[in-house]
Amino acid sequence: MNIELRLSTAVALLQQLGNALSDLVNSSPDVFDDPAIDSRLKDFRQAHEIATQRLINPSLSIATLGTTSSGKSTIVNALMGRRIALIEAGEMSGGVLTLRHSEDQKLIIEATPDAPWETGEWAGLSDNELYEKIRGVMNTYHQCRKEKECIAPKITVAAPLFPARDVGLSGLPEGINIEFLDLPGLKSVQDRANLAVIQPLVGKAFSLVALDYLQVDEKHRGKLLEELKQVVSYLQGRTDSMIFILNRVDSRGSDDLPVEVRLERLRIEIKDVLELADLPDVIPFNARLLYYAQCAWGTTALNTASEVAPEVRSERLKAFFHDCAAIIRDKTSGDRSLRDWFRQIDDNLQEGHLPDDYEMRRIMFYALEWSGGKALWTLIRTRIQESFSELVILPVLLNVFNSFDALTGSLDILIETRKILNQEQVEAERDKITTIRQNLQKNTKKLIVIFKKKLENM
């Protein structure tokens, strides 16, 4: 697959479309003096300019969606190698948090009408400072929603991301950026506000749909899938744009059904509820395990030196061994030497001795394997190879297509209107409308008579 050729072809075709429309405007300037047409034309030109820039500087968007507290933000942090998306208990997400790869770190909180939170741009903030500023915005937003309607915040963080620095994970060629969209969770089956935020975005991104292993109430989960149906309908049933993640599989009890059985039942349920043509991919996942290990390594490629600060590595690894002790014990139960090695790393950590980069790479190897991270990146890499145009090029063009359709629709209406050029035509059209209205009145009266007779008989 020649990705560079596909991109250059898309840019050329987009340019042809823009040139053709410019020729039309120049040949019939009086038509485009109409205020409605002029407004549609400006919308198209803006969408065209944005799309051209995005194709010249292409990016793969990965959106996480699902139910509130399903671990979406932990998944995002785990995949990008930083603690930026809010992961506290309870509902903290709202609006859209865009995390875009850049070697220069920046936070942008867009100005929105009557926003009671701080807006603006900041550079050089640490991850903790980023986290606290985002938390402040989300806290204010949720307090605001309790009292009145608030426009959801739009926050963008530009910072180095692990999959962009280690391109082998995604298989994207050099020069194509990567970004994550941490979308608000669906907290109920009537969550219209968050749906309104999510729906316009899912058609423009590769979607990871997070489901919680602990959500065992099939009736409730079915309702939530019905709600998600309105979201994934924007993907037109294309399974190449969706991967489902069954998070927190480490919560499985000894008496639960085998994970494989749960996964198969979930695949069938998702296929039926969302009316998909094929069984979807559902990956068993442990986001917390991968999150601790990945953040202890940082965002540099695994074949280079880690840049993470020692205090961050210490903090994340201590949480790794404390919170994930059960899964480490389970995964090493058949290998005594491996179990002893992990135990020695933990003991050294408690004594203040951090593992070096070689040992951290080994921890990362097992964390990717055990958490489902390796399986997820393998599947993402396969999807990109199979559906690059649909995942990267087509989302860029959606607004262009929509604005072009709106423009041509307005032109069609104007053309039909201008076909009536003289008074005789106007009178003929008026007589036609009068006849239609009279016939409608006669038919309505007949229906009323028939209805009354039926009512009397009853």
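Okay, so let's go over this structure.

## Some words on helix H9 (residues 287-297)
H9 sits mainly inside the fold: 10 of its 11 residues count as buried. Looking only at H9, the buried set comprises Ala287, Leu289, Leu290, Tyr291, Tyr292, Ala293, Gln294, Cys295, Ala296 and Trp297. Of the residues one or two after H9, Gly298 is the one with positive phi, at around 110°.

## Notes on the environment of Ser371
Mapped onto the fold, Ser371 is located in helix H13 (residues 357-371). Residue class for Ser371 comes out buried when judged on its relative accessible area of 1%. The sequence separation of Ser371 and Ile283 amounts to 88 residues, and the corresponding C-alpha distance is 9.8 Å. When residues no more than four places from it in sequence are discounted, the contact partners of Ser371 are Pro284, Phe285, Asn286, Leu289 and Leu290. Engagement of the side chain of Ser371 in a polar contact is seen with the backbone nitrogen of Gly373, the distance being 3.1 Å.

## With respect to the sheet that holds strand E4 (residues 120-123)
Taken in spatial order, the 9 strands line up as E4-E3-E5-E2-E6-E1-E7-E8-E9 in an open sheet, and their pairing is mixed. Two strands lie at the open edges of the sheet, namely E4 and strand E9 (282-284), each paired on one side alone. Recorded for the sheet is a direction-independent mean angle of 20° between the axes of neighbouring strands. Two strands pair when backbone bridges link them, and strand E7 (residues 206-212) and strand E8 (residues 242-247) are joined in this way by 6 bridges, in the parallel orientation. Within the sheet, the bridge partner assigned to Val209 lies in E8 and is Phe244.

## Remarks on the packing of aromatic side chains
Describing an aromatic ring pair means giving the distance of the ring centres and the angle of the ring planes. Overall, the coordinates contain 10 aromatic pairs when judged by the stated rule. Note on Trp341 and Phe342: the rings are 5.0 Å apart at their centroids and 80° apart in plane angle, and the pair reads as edge-to-face. According to the relative accessible area criterion, Phe342 is buried, its value standing at 2%. Taken together through their ring pairs, the aromatic side chains of Phe320, Phe321, Trp341, Phe342, Phe365, Tyr366 and Trp370 make up a single cluster. Here the guanidinium or amino end of Arg262 rests over the ring plane of Tyr213, the centre of that ring lying 4.2 Å away.

## Comments concerning unusual backbone geometry
One non-glycine residue, Asp114, lies in the positive phi region at around 60°. Looking at the element boundaries, Asp114 is found in the loop between strand E3 (106-109) and E4. Phi at Arg248 is positive, roughly 65°, even though this residue is not glycine. Here Arg248 is to be found in the loop between E8 and helix H8 (259-274). Under the relative-accessibility criterion, Arg248 is labelled partly exposed at 27%.

Conventions used here
- Residues numbered from 1 in each chain as written.
- Predicted model: local features only at pLDDT ≥ 70, side-chain atom pairs only at ≥ 80, totals over all residues.
- Heavy atoms only, no water.
- Buried < 20%, exposed > 50% of the residue type's maximum accessible area, 1.4 Å probe, protein only.
- Helix = DSSP H or I, 4+ residues; strand = E, 2+ residues; numbered from the N terminus.
- Contact = heavy atoms within 4.5 Å.
- Polar contact = N/O pair within 3.5 Å; in protein donor to acceptor, adjacent residues only side chain to side chain.
- Pairing = 2+ DSSP bridges.
- Axes fitted to C-alpha atoms, helices over the stretch in contact; angles between N-to-C directions.
- Phe/Tyr/Trp six-rings, centres within 6.5 Å; stacked < 30°, edge-to-face > 60°.
- Lys NZ or Arg CZ within 6 Å of the ring centre and 35° of its normal.

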